[in-house]
Amino acid sequence: METGIIDLRSDTVTRPTAEMRAAMAAAEVGDDVYGEDPTVNLLEKRAAEIFGREAGLFVPTGTMGNQIAIRLLTEPGQEVICESRSHILDWEMATAAVFSGCLVRAVPTERGTLTWADIEPVIFKKGAFRAATGLIELENTANLTGGRCTSLAVMEEIWANAKDRGLPLHLDGARIFNAAAALGSDVKTLTRGFDTVMFCLSKGLCAPVGSMLVGSAELMDQARIYRKALGGGMRQVGVLGAAGLIALEKMPARLHEDHANARLLAEALSQIECVEIDVNSVETNIVIFRLDGEVSATELVNRLKTRGILASTLGPRMIRLVTHHDVDRDDCVKAAGALAEELAVSATAR
């Protein structure tokens, strides 16, 4: 990162590695709208293989990947079931309504991750009185609940029951490789019951741009059309695909380091009197904590910024920290120390 700056706002701030930059400069390219870019074609092939799917599609953003999937799997006038803090609800500009003509049925849960017991009561059949359920969407890991994972057992129950109901499933797997690392599994196993899966290359995997959508060959053929409709038809995109290949093949192996650093931050925060945090909820690379004292989240974030530490607010009293490739253990120790010092100053000033 920039000299002296410890950026914990998000894992989206990661910069491409030296190996990625070299690969981008040397990438073999062609026109992807014609299907002629060999590098991105290889990326799509490898993504499909790793996830055990027939085909993949490179998209510029995770939001586009999610919204293409919703369009593929629903009809206008249907509902999409998701958890109440899901990315497709809070951060995707109501595109499910605009592009697919669907209503999001948001289900609040205590843990922030859906189970079949949460889903079943809000499934509605086609009828004359209300919109029918068209799709079930899960997010693994769950961003706004602190990077929590949904276990394989929970997902297997959802897969089986959704299949019995004839309902398709989409996974927002922006950080599915983090979930795999935390659960000691692999992404193929963790996603096998979904019709479509989106995952990001540009978060913890360090690619500068891009996400992937994987599914059946038939669905990905149609997805390519919807990508074009959304303005995602790119030309010599192999310069991005080259970085994406390295992100996909090499970067998942180091994600456990980010998880350990997040745990370090959480444990340090748990020792501060005016901080409320559940250390056991920090399962991957996201740390969310609540301030119990008089200092507001905005005030604390502004103070940290003057010390070269960047963090995000999630409301008047909530702060999020995200660990990633570009902050090491020493950076996290420094950040924890700065947090303790600033909160100690606030406590003394009361």
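Our structure's up above, just so we're on the same page.
Residues numbered from 1 in each chain as written. Predicted model: local features only at pLDDT ≥ 70, side-chain atom pairs only at ≥ 80, totals over all residues. Heavy atoms only, no water.

Asks: Quick one: what's the story with the pattern of salt bridges, residue by residue and with numbers?
Replies: As enumerated under the stated definition, the model contains 24 salt bridges in all. Note that E44 is salt-bridged to R224, the shortest N-O span being 3.3 Å. Remark: R224 occurs in helix α10 (residues 217–229) and E44 occurs in helix α2 (residues 38–50); sequence separation between them is 180 residues. With a shortest N-O distance of 3.6 Å, R148 and D278 are connected by a salt bridge. In this pair, R148 is assigned in the loop between β5 (133–139) and α7 (152–165) and D278 in the loop between β9 (275–276) and β10 (286–291), connecting sequence segments 130 residues apart. Residue classification places R148 among the buried residues on the basis of a relative accessible area of 15%. Of the residues examined, D278 reaches a relative accessible area of 41% and is grouped as partly exposed. Taken together, the salt bridges that share partners define one network made up of E299, R303, R307, E341 and E342. (Salt bridge = Lys/Arg side-chain N within 4 Å of Asp/Glu carboxyl O. Helix = DSSP H or I, 4+ residues; strand = E, 2+ residues; numbered from the N terminus. Buried < 20%, exposed > 50% of the residue type's maximum accessible area, 1.4 Å probe, protein only.)

Asks: Mind laying out the side chain of N261, listing which residues take part and the relevant values?
Replies: With respect to the helices, strands and loops of the structure, N261 is situated in helix α12 (residues 255–269). Residues in contact with N261, not counting those within four places in the same chain, are T323, V327, D328, R329 and C332. (Contact = heavy atoms within 4.5 Å.)

Asks: Break down the sheet that holds strand β13 (residues 318–322) for me, citing the residues and quoting the values.
Replies: Taken in spatial order, the four strands of this open sheet run β9-β10-β13-β12, and their pairing is antiparallel. Looking at the sheet topology across the chains shown, the edges are occupied by β9 and β12 (312–313). Strand contacts of α12: β9, β10 and β13, with the helix running at about 15 degrees to β10, the strand carrying the most contacts. (Pairing = 2+ DSSP bridges. Axes fitted to C-alpha atoms, helices over the stretch in contact; angles between N-to-C directions.)

Asks: Describe the pairing of strand β2 (residues 55–59), naming the residues involved and giving the relevant values.
Replies: Remember that side chains alternate between the two faces of the sheet whenever the strand is regular. Summarising burial for β2: five of the five residues are buried, a large majority. As defined by bridge partners, β2 adjoins strand β8 (residues 211–215) across five bridges and the pair is classed as antiparallel. For G56, the partnering residue across the bridge sits in β8 and is V214.

Asks: Explain the sheet that holds strand β4 (residues 103–107) to me, and be specific about the residues and the numbers.
Replies: The seven strands lie next to each other as β2-β8-β7-β6-β5-β3-β4, forming an open sheet whose pairing is mixed. The two strands at the open ends of the sheet, each matched to only one other strand, are β2 and β4. Pairs of neighbouring strands in the sheet enclose a mean axial angle of 20 degrees, with direction left out of account. The sheet contact formed by strand β3 (residues 79–83) and β5 spans three bridges and is parallel. Paired with V80 across the strands is L135, a residue of β5. Those strands touched by α10 are β2, β7 (196–200) and β8, and its axis lies near 20 degrees from that of β2.

Asks: Go over the packing of helix α1 (residues 18–26) against helix α11 (residues 238–250) with me, naming the residues and quoting the values.
Replies: In the contact formed by α1 and α11, the axes pass within 7 Å of each other and the chain directions differ by 145 degrees. Regarding α1 and α11, the two cross each other, and that crossing is right-handed. Counting all contacts with α1, which are made through E19, M20, A23 and M24, the residues of α11 involved are V239, L240, A242, A243, I246, A247 and K250. When its residues are assigned to classes, the contact of α1 with α11 shows nine nonpolar, no polar and two charged. (Left-handed = near helix turned anticlockwise from the far one by under 90°. Nonpolar A, V, L, I, M, F, W, Y, C, P; charged D, E, K, R; others polar.)

Asks: Quick one: what's the story with the nonpolar core, residue by residue and with numbers?
Replies: Core analysis: the largest hydrophobic core is formed by 48 residues, its most contacted members being F199 and L201. Broken down by element, the residue count for this core peaks at six residues, all from α11. Those residues in contact with F199 that sit more than four places away from it in its chain are A47, F51, G173, A174, I176, F177, S211, M212, V214 and L248. Counting residues in each nonpolar core, the second largest holds 32 residues, with A266, A297, L300 and A311 among its members. (Core = buried A, V, L, I, M, F, W, Y, C linked by side-chain atoms within 4.5 Å.)

Asks: So what's going on with unusual backbone geometry? Residues and values would help.
Replies: In this structure, the amide linkage connecting N140 to the following residue, T141, adopts the cis form with an omega of 5 degrees. Inspection of the secondary structure puts T141 in the loop between β5 and α7. Positive phi outside glycine occurs at M93, with the angle close to 60 degrees. Assignment of secondary structure puts M93 in the loop between α4 (87–90) and α5 (95–100). The residue A94 is not glycine, and still its phi comes out positive at about 60 degrees. What makes A94 partly exposed here is its relative accessible area of 48%.

Asks: Quick one: what's the story with the packing of α2 against α11, residue by residue and with numbers?
Replies: The interhelical angle for the contact between α2 and α11, taken along N-to-C directions, is 30 degrees, at an axis separation of 8 Å. Classed by the angle they form, the pair α2 and α11 counts as roughly parallel. Like other packed secondary-structure pairs, α2 and α11 cross with a definite hand, here left-handed. On α11, the residues touching T39, V40, L42, L43, R46, A47 and I50 of α2 are G238, G241, A242, G244, L245, L248 and E249. A per-class count over the contact of α2 with α11 returns eight nonpolar, four polar and two charged. (Parallel < 35°, antiparallel > 145°, perpendicular 65-115°, else oblique.)

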